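Architecture and fold: a report
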Amino acid sequence: EGSGQAEPQTMHVLWVRWFGRDTQSPAGWDKRRLHSVGFVHQDDDAAFGFLDPDQIVRGVHLIPAFHYGRTDKLLGKSIARRKEEQGEDWKYFHVDW
C-alpha cells in the first residue's frame, strides 16, 4: 500500500524567449536580403513560454545584425542572458538558411 502520492516523473520542457519577425525591413529572395528577427519585448504576453522539446526547430543560423547595435530596452535584468552580455541584446538578427 502506498501513501497516496504518485511517483515522481521526468517531464521535459523547454523555456523559450520568443523572436518576432521584423516586417519593416524588405527581405526575401526577390529583395536579395535575409529576413530579420528580434526578441519580443518583455511586456508582450508572448515574450516567454514553454514548449514540448519535440516541437522545436533543432537548428537555425542567426547572424547578429551588427549595424543596428545592441539594446537594453527589450528585457530588464534577467537570467535569460549570460553575465557577459551586460544586460543587452542585439536589436535584430538575420535568419540565414
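Residues numbered from 1 in each chain as written. Predicted model: local features only at pLDDT ≥ 70, side-chain atom pairs only at ≥ 80, totals over all residues. Heavy atoms only, no water.

Next up on the list: the packing of aromatic side chains. With the rule as written, the count across this model stands at five aromatic pairs. Here F19 and F93 contribute two aromatic rings whose centre-to-centre distance is 5.7 Å and whose plane-to-plane angle is 80°, an arrangement assigned as edge-to-face. Here F93 lies in strand β8 (residues 93–96) and F19 lies in strand β2 (residues 19–21), a separation of 74 residues in the sequence. Against the face of W90 rests R70, its NZ or CZ located 4.8 Å from the ring centre. (Phe/Tyr/Trp six-rings, centres within 6.5 Å; stacked < 30°, edge-to-face > 60°. Helix = DSSP H or I, 4+ residues; strand = E, 2+ residues; numbered from the N terminus. Lys NZ or Arg CZ within 6 Å of the ring centre and 35° of its normal.)

Below, the discussion takes up unusual backbone geometry. Only a minority of non-glycine residues have a phi that is not negative, and only a minority of peptide bonds are not trans. One non-glycine residue, R32, lies in the positive phi region at around 60°. With respect to the helices and strands, R32 occurs in the loop between β2 and β3 (35–39). Take R32: its relative accessible area is 79%, and that puts it in the exposed class. (Buried < 20%, exposed > 50% of the residue type's maximum accessible area, 1.4 Å probe, protein only.)

One broad trend across soluble globular proteins is that nonpolar side chains are buried collectively. With five residues, the main nonpolar core is built from V37, F39, L74, F93 and V95. Elements represented by at least two residues in this core include exactly β3 and β8. F39 has contacts with R17, W18, F19, L74, D89 and F93, leaving out every residue within four places of it along the chain. (Core = buried A, V, L, I, M, F, W, Y, C linked by side-chain atoms within 4.5 Å. Contact = heavy atoms within 4.5 Å.)

What follows covers the sheet that holds β2. Each strand in a sheet pairs with its neighbour through backbone hydrogen bonds, running either in the same direction (parallel) or in the opposite one (antiparallel). Read across the sheet, four strands follow the order β2-β3-β8-β5 without closing on themselves; strand pairing throughout is antiparallel. Only two strands of the sheet have a single neighbouring strand rather than two, namely β2 and β5 (61–64). Adjacent strand axes in the sheet meet at a mean angle of 40°, parallel and antiparallel pairs treated alike. (Pairing = 2+ DSSP bridges. Axes fitted to C-alpha atoms, helices over the stretch in contact; angles between N-to-C directions.)

Our focus in this paragraph is the side chain of S36. Looking at the element boundaries, S36 is found in strand β3. Classification of S36 as buried rests on a relative accessible area of 7%. A polar side-chain atom of S36 sits 3.2 Å from a polar atom in the side chain of H94. Non-local contacts of S36, meaning those with residues more than four positions away in its chain, are made with G20, R21, D22, F93 and H94. (Polar contact = N/O pair within 3.5 Å; in protein donor to acceptor, adjacent residues only side chain to side chain.)

A contiguous nonpolar patch, built from M11, V13, W15, F50 and I79 and spanning about 650 Å² of accessible area, is present on the exposed surface. Structurally, the position occupied by V13 is in the segment before β1 (14–17). The class for V13 is partly exposed, based on a relative accessible area of 46%. (Patch = residues over 30% accessible without salt bridge, like charges linked within 9 Å, V, L, I, M, F, W, Y side chains within 5 Å. Areas by Shrake-Rupley, 256 points an atom, 1.4 Å probe, with all protein chains shown as cover. Salt bridge = Lys/Arg side-chain N within 4 Å of Asp/Glu carboxyl O.)

Here the focus is the pattern of salt bridges. For the structure shown, the criterion picks out five salt bridges. Notably, a salt bridge pairs E88 with R70, separated by 3.4 Å at the nearest N-O pair. Of this pair, E88 sits in the loop between β6 (70–71) and β7 (89–90) while R70 sits in strand β6; the two residues are 18 residues apart in sequence, bridging distant segments of the chain. Under the relative-accessibility criterion, R70 is labelled partly exposed at 29%. R82 serves as the salt-bridge partner of E85, at 3.8 Å between the closest nitrogen and oxygen. Of the residues examined, R82 reaches a relative accessible area of 55% and is grouped as exposed.

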